[in-house]
Amino acid sequence: MSVKSPAAQASPYLGEFELLVLLAILRLEDDAYGVTIRDAIARDTSREVTLGAIYKTLARLEDKRYVAAHLGDPTPQRGGRRKKLYRLEPPGQKALRQSVADLRRLSRGLGHALEAW
């Protein structure tokens with residue numbers, strides 16, 4: 001019996017919160033770390049989320065190899081501590097592209113119906 005690597009076990013489909021986190025990382029570019037990801041999601045959606053939920057999701061996305069983390073330079077605002085910054089990796093870009101395309105196709109032509117609610 002062979003054991004699959006986490007990347008081999010990763011589902012090509014994104015959960016709703018994974019999608020939000022990846023979109024926030026894409027939007028934040030070189031400034032994507034836990035706090036800024038949480039703030040972007042809170043600002044641009046109707047969701048208030050905890051840092052714990054963000055970090056748990058980031059760990060899952062790292063296991064899937066959808067994102068990679070690296071340490072940024074120390075900053076005086078953080079008392080010299082370094083930020084753990086995240087970036088999209090090619091498998092994450094592909095999963096994000098596919099999920100957004102699926103949502104666009106599924107919602108095509110529903111603008112009036114969605115606005116009526």
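As shown above, the structure is provided for reference.
Residues numbered from 1 in each chain as written. Predicted model: local features only at pLDDT ≥ 70, side-chain atom pairs only at ≥ 80, totals over all residues. Heavy atoms only, no water.

Asker: Quick question: what am I supposed to make of the nonpolar core here?
Answerer: Nonpolar side chains tend to gather and get buried jointly when the protein is soluble and globular. Counting residues in each nonpolar core, the largest one holds 23 residues, and the members touching the most others are V21, L22, I25, I37, I41 and I54. No other element matches the eight residues that helix α2 (residues 16–28) contributes to this core. Ignoring sequence-local partners within four residues, the contact set of I54 consists of F17, V21, G34, I37, R38, I41 and V49. (Core = buried A, V, L, I, M, F, W, Y, C linked by side-chain atoms within 4.5 Å. Buried < 20%, exposed > 50% of the residue type's maximum accessible area, 1.4 Å probe, protein only. Helix = DSSP H or I, 4+ residues; strand = E, 2+ residues; numbered from the N terminus. Contact = heavy atoms within 4.5 Å.)

Asker: Could you clarify how one ought to interpret helix α5 (residues 90–107) in this entry?
Answerer: Note: α-helices contain 3.6 residues per turn, so residues at a spacing of three or four share the same orientation. Taking 1.5 Å as the rise per residue, α5 with 18 residues should run 26 Å; its terminal C-alpha atoms sit 26 Å apart, in good agreement. The inward-facing, buried residues of α5 contact α2 and β2 (82–88). Downstream of α5 by a residue or two, G109 has a phi angle that is positive, lying close to 80°. (Expected span 1.5 Å × (residues − 1).)

Asker: Could you clarify how one ought to interpret the pattern of salt bridges in this entry?
Answerer: Counted according to the given criterion, the structure contains nine salt bridges. With a shortest N-O distance of 2.9 Å, E18 and R60 are connected by a salt bridge. You can see E18 sitting in helix α2 and its partner R60 sitting in helix α4 (residues 51–63), a full 42 residues away along the chain. Since its relative accessible area comes to 5%, E18 is described here as buried. (Salt bridge = Lys/Arg side-chain N within 4 Å of Asp/Glu carboxyl O.)

Asker: Where do I start with a nonpolar patch on the surface in this structure?
Answerer: A cluster of nonpolar residues, L110, L114 and W117, forms a patch on the protein surface that exposes about 400 Å² of accessible area. We classify L114 as partly exposed; its relative accessible area is 47%. (Patch = residues over 30% accessible without salt bridge, like charges linked within 9 Å, V, L, I, M, F, W, Y side chains within 5 Å. Areas by Shrake-Rupley, 256 points an atom, 1.4 Å probe, with all protein chains shown as cover.)

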